[in-house]
Amino acid sequence: MSSEPLSSTTTQTPHLRPDLLAIAELIAPGVRALDIGCGDGALLEYLRDRKQVKGRGIELTEAGVLACVRRGLSVRQGNVQEGLADYPDQSFDIVILSQTLPFLDDPAMVLGEMLRVGRSAIISFSNWGHWRCRLELLFTGRIPVAVDLPQQWYESPRRQPFSVTDFARFCRKIGITIDRQIYMNRGLRVRTGRFKNLLSTTAVFTLHRA
């Protein structure tokens, strides 16, 4: 795996989270993209308006779908955990999954489907291996809340904590290669070197089949 050259700061737009802006920077103009769990459609709208991306989305919540429709986006309501059988192989250049992986019951199936319908995938997730999470568990004995995902363990939807190292090992196990990596700490890009699992609060990866 090779780390993406990064600056220490990020130029943000008012309507995009820092991890979504990082994802957008990894996407070439004019490609075909599928955003899974696209929320209110902010990323798809940005990609359409700034990069002329031909985007589609899948969103579980009715409120999210309605917000996407108001933005003029092509989005359908559905549960990604039921698969992407409606889409033929290699239907998209890029398939995106942002801050959704911890909530999936079968991440291997979802990542496999993403890399079936897309030539490559981009994923972002919060890192529970960050030093603040480690210290909270050590000194309080309580399951920590991820720095960039402030949700208690009992709130719905339930999530499964994992770290950057966990994800890298998982990818090797299921035959997925991590191409490019972006690490962030509270919204700012960071150079983490060997300590990426200790210092990053959010990771953004591009993936392809090994």
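Nothing here was measured: the structure is a model prediction, and the numbers come from that model.

Trainee: Please give an account of the overall build of the chain that cites residues and values.
Mentor: When its secondary structure is counted, the chain shows seven helices and nine strands. Against the 2.2 N^0.38 benchmark of 17 Å for 210 residues, the chain shows a C-alpha radius of gyration of 17 Å, consistent with a compact globule. With the C-alpha coordinates of the chain rotated into their principal frame, the extents come out at 50 × 35 × 35 Å. Taking all 210 residues of the chain together, the buried fraction comes to 50%. Sequence-distant contacts in the chain: of pairs separated by 6 or more residues, those separated by 24 or more amount to 67%. With the model as given, the accessible surface of the chain reaches about 10500 Å², and the carbon-plus-sulfur share is 52%. Positive and negative charge centroids in the chain, built from 27 and 21 side chains respectively, lie 6 Å apart.

Trainee: I'd love a proper account of the nonpolar core, names of residues and values included.
Mentor: Counting residues in each nonpolar core, the largest one holds 30 residues, and the members touching the most others are Leu34, Ile123, Phe167, Phe205 and Leu207. For this core, the secondary-structure elements that each account for two or more residues are strand E2 (32-36), strand E5 (92-98), helix H4 (107-117), strand E6 (118-126), helix H6 (164-173), strand E7 (176-185) and strand E9 (202-209). Looking at this core, the element that brings in the most residues is H4, giving five residues. Excluding anything up to four places from it in sequence, phenylalanine 167 contacts Leu101, Leu111, Ile123, Phe125, Phe162, Ile178, Phe205 and Leu207.

Trainee: Quick one: what's the story with the packing of aromatic side chains, residue by residue and with numbers?
Mentor: How two aromatic rings sit relative to each other is given by the distance of their centres and the angle of their planes. For the structure on display, the rule yields eight aromatic pairs. Note on phenylalanine 167 and phenylalanine 170: the rings are 6.4 Å apart at their centroids and 40° apart in plane angle, and the pair reads as tilted. With phenylalanine 167 and phenylalanine 170 both in helix H6, this residue pair falls three residues apart, about one helical turn. Take phenylalanine 170: its relative accessible area is 23%, and that puts it in the partly exposed class. Put simply, the rings of Phe125, Phe162, Phe167, Phe170, Tyr183 and Phe205 pair up and form one aromatic cluster.

Criteria and thresholds
Each chain has its residues counted from 1, running along the sequence as written. Since the coordinates come from a predicted model, pLDDT governs what is reported: local features require at least 70, and pairs of side-chain atoms require 80 or more to be given and counted, while whole-chain, interface and lining totals use all residues. The side-chain numbers reported here are obtained from all heavy atoms of the structure, hydrogens and water having been left aside. Secondary structure follows DSSP: runs of H or I at least 4 residues long count as helices, runs of E at least 2 residues long count as strands, and numbering of each begins at the N terminus. Note that the radius of gyration is over C-alpha atoms, with the globule rule given as 2.2 Å times the number of residues to the power 0.38. Three exposure classes are used, based on accessible area relative to the maximum for each residue type with a 1.4 Å probe and protein chains only: buried under 20%, partly exposed in between, and exposed over 50%. Any pair of residues with heavy atoms lying within 4.5 Å of one another is described as a contacting pair. Here, Shrake-Rupley sampling with a 1.4 Å probe gives the accessible areas, and only protein chains in the shown set may cover a residue. For the purpose of charge, His is not counted, nor are the chain termini; Lys and Arg are scored as positive and Asp and Glu as negative. To locate a charge, take NZ of a lysine, CZ of an arginine, CG of an aspartate or CD of a glutamate. Here, nonpolar core refers to any group of buried Ala, Val, Leu, Ile, Met, Phe, Trp, Tyr and Cys residues whose side-chain atoms link them within 4.5 Å. Classification of ring pairs uses Phe, Tyr and Trp, with its six-membered ring standing for Trp, and accepts pairs whose centres are within 6.5 Å; under 30 degrees between planes counts as stacked, over 60 as edge-to-face, and the remaining range as tilted.

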